[in-house]
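Here is how the chains run, residue by residue.
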Amino acid sequence: TLDAADAMDALDSVNGLLDMWSAQKLTVYNNIETVQPLTAGQSSYTVGLTGYFNIERPLRIDKAYSRITTGNGSVDFPCQLTTLEKYGSIGLKSQPGPWPKIAYYNTGYPLANLIFWPVPQTNVEFHLWTEQVFTSLDLSTPLNMPRGYYLGLQFAVAELLCPEYGIAVPPDVRRFAKEFKDVIKSLNGSPQAESGVDMAIVSGNGNDAGFILNGGF
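The notes below deal with the structure included here. Values in this document were obtained by computation on a predicted structure and should not be read as measured data. (Residues numbered from 1 in each chain as written. Predicted model: local features only at pLDDT ≥ 70, side-chain atom pairs only at ≥ 80, totals over all residues. Heavy atoms only, no water.)

**A word on the sheet that holds strand β4 (residues 73-78)**
With antiparallel pairing, four strands are arranged side by side in an open sheet as β1-β10-β3-β4. Here the strands that pair on one side only, and so sit at the sheet edges, are β1 (31-37) and β4. Here the average twist between neighbouring strands, direction ignored, is 25°. As paired elements, strand β3 (residues 61-70) and β4 share six bridges and run antiparallel to each other. (Pairing = 2+ DSSP bridges. Helix = DSSP H or I, 4+ residues; strand = E, 2+ residues; numbered from the N terminus. Axes fitted to C-alpha atoms, helices over the stretch in contact; angles between N-to-C directions.)

Here it is as structure tokens:
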């Protein structure tokens, strides 16, 4: 049986590893959808616990879109995530529009900011897909993760702990830690995305259905 000090040391290693795995895209197994209305005329929203998008502050945003609902049903319009350089190149950042075509995710801490262009002029229903952030465990928390994670986490933690106790990492432990992590990454991998043109910037309103709300201008 581990004494209290060793147990806390192992727990710190587990939580440190989970924190690092949150930052590695292929070790994250789940994407979370968050839906919030955007306020007409507002371009910036906070993201993180206590923020407008009140979720664990995501390290990355995978996908986002606006949903417009009419009497004939709902239509989703993609919102492209962009870089600071591309957002900075937009001359008229206050340009109004029916819904945002572009979003820049400014990863501040503890609250990040999501900045939209053009500035929506209607109360749009916005859908945000983010990667799950692993939360810290305590000694009474059961490990609840998908198949394949238990051994991967066990051997990865063993690899971390060996040097702390002055023990050389056994070759089998190192090998199994890598093999099991590779299995996890292969399970979470996705097909390579096709390359394309930044249509959110170069396209006109006529071919994105924006004319529905703004009359074609």
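**Points about the pattern of salt bridges**
A complete count under the given rule lists eight salt bridges for this structure. Note that R67 and D76 form a salt bridge whose closest N and O atoms lie 2.7 Å from each other. The class of R67 is partly exposed, set by a relative accessible area of 26%. Here K178 and D182 are joined by a salt bridge, their closest N and O atoms 2.9 Å apart. A residue pair is termed a helical-turn pair when its members lie 3 or 4 positions apart in one helix, as K178 and D182 do in helix α4 (residues 171-188) at four residues. With relative accessibility at 34%, the residue D182 sits in the partly exposed group. Via salt bridges that share partners, K25, R60, D62 and E131 belong to a single interconnected network. (Salt bridge = Lys/Arg side-chain N within 4 Å of Asp/Glu carboxyl O. Buried < 20%, exposed > 50% of the residue type's maximum accessible area, 1.4 Å probe, protein only.)

**A word on the environment of A23**
Mapped onto the elements of the fold, A23 is located in helix α1 (residues 4-23). Among residues more than four places away in sequence, those in contact with A23 are L59 and R60. (Contact = heavy atoms within 4.5 Å.)

**Here's the deal with α4**
Taking 1.5 Å of rise per residue, the 18 residues of α4 would be expected to cover 26 Å, and the 26 Å separating its terminal C-alpha atoms lies within 8% of that figure. Of all the residues in α4, the buried ones are V173, A177, I184 and N188. Viewed end-on, α4 has its buried residues packed into an arc of 35°, placing them on one side of the element. Within α4, the exposed residues directed more than 90 degrees away from the buried face are P171, K178 and S186. (Expected span 1.5 Å × (residues − 1). Arc of directions from axis to C-beta.)

**Notes on the sheet that holds strand β7 (residues 102-106)**
Pairing is mixed in the open sheet, where four strands are placed in the order β2-β8-β7-β5. The sheet is open, and its two edges are formed by β2 (44-47) and β5 (80-82), each paired on a single side. Strand-to-strand, the axes of this sheet are offset by a mean angle of 30°, without reference to chain direction. Two strands pair when backbone bridges link them, and β5 and β7 are joined in this way by three bridges, in the parallel orientation. For T82, the partnering residue across the bridge sits in β7 and is Y104.

**What about the pairing of β7?**
Of all the five residues making up β7, four are buried; the element is thus mostly covered by neighbouring parts of the structure. Of the strand pairs in this sheet, β7 and strand β8 (residues 112-117) are connected by five bridges, and their pairing is antiparallel. Residue pairing in the sheet places A103 in a bridge with F116 of β8. Between β7 and β8, which pair antiparallel in sequence order, lie five residues.

**What to know about the pairing of β8**
Burial runs high along β8: five of the six residues are buried. As paired elements, β2 and β8 share four bridges and run antiparallel to each other. Bridge pairing in β8 links S44 to I115.

**Notes on unusual backbone geometry**
That bond from Y109 to P110 is cis: its omega, 5°, falls within 30 degrees of zero. Within the secondary structure, P110 is located in the loop between β7 and β8. In the segment running from W117 into P118, the intervening peptide bond is cis, with an omega of -10°. One can find P118 in the loop between β8 and β9 (119-120).

**Focus: α1**
With 20 residues, α1 should cover 28 Å at 1.5 Å per step; its first-to-last C-alpha distance of 29 Å lies within 8% of that length. Buried residues along α1 sit against α3 (149-164) and α4. The N-capping residue of α1, defined by a side-chain oxygen 3.3 Å from the backbone nitrogen of A5, is D3. (Polar contact = N/O pair within 3.5 Å; in protein donor to acceptor, adjacent residues only side chain to side chain.)

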